[in-house]
Amino acid sequence: MTVHFIGAGPGAAALLTLRAVRLLPESPVCLYAVTYVDAAVLAHCQPGTQPVDTAYLNLDALTTTLVAAHKTAHAVPR
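Keep in mind it's a predicted model, so treat the numbers as computed, not measured. (Residues numbered from 1 in each chain as written. Predicted model: local features only at pLDDT ≥ 70, side-chain atom pairs only at ≥ 80, totals over all residues. Heavy atoms only, no water.)

### A word on the side chain of Thr49
Now for step 1: For Thr49, the position within the fold is in the loop between helix 2 (39-42) and strand 3 (50-53).
Now for step 2: Separated by 3.2 Å, the side chain of Thr49 and the backbone oxygen of Ser27 make a polar contact.
Now for step 3: Here Gln46 takes part through its backbone oxygen, which lies 2.9 Å from a polar atom of the side chain of Thr49.
Now for step 4: Not counting residues up to four positions away in its chain, the partners in contact with Thr49 are Ser27, Pro28, Val29 and Cys30. (Helix = DSSP H or I, 4+ residues; strand = E, 2+ residues; numbered from the N terminus. Polar contact = N/O pair within 3.5 Å; in protein donor to acceptor, adjacent residues only side chain to side chain. Contact = heavy atoms within 4.5 Å.)

### With respect to helix 3 (residues 59-71)
Now for step 1: With 13 residues, helix 3 ought to run about 18 Å at 1.5 Å a step, and its terminal C-alpha atoms sit 18 Å apart, in line with that.
Now for step 2: For helix 3, the complete set of buried residues consists of Leu62, Thr65, Leu66 and Ala69. Down the axis, helix 3 shows its buried residues gathered within 95° of arc, on one side only. Those residues of helix 3 that are exposed and angled more than 90 degrees off the buried face are Asp60, Thr64 and Lys71.
Now for step 3: For helix 3, the capping residue at the N-terminal end is Asn58, with a side-chain oxygen 3.1 Å from the backbone nitrogen of Asp60. (Expected span 1.5 Å × (residues − 1). Buried < 20%, exposed > 50% of the residue type's maximum accessible area, 1.4 Å probe, protein only. Arc of directions from axis to C-beta.)

Here is the structure:
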């Protein structure tokens, strides 16, 4: 599993990095913070992508999510 830290600028979909636009549709799990990222950004994800809002997760919960993705060999954008 690889965790990709991708740029969302100030959270506006029009300001996503090229890397983000490439990785989001390829990933079955997407970690994001709703306080920074809006629905227009998540619209780049494929249907069925599991969105995980990390804004309220503590480190243990975040790690559990990443380990679960690792067990299924998924790459995870964050």
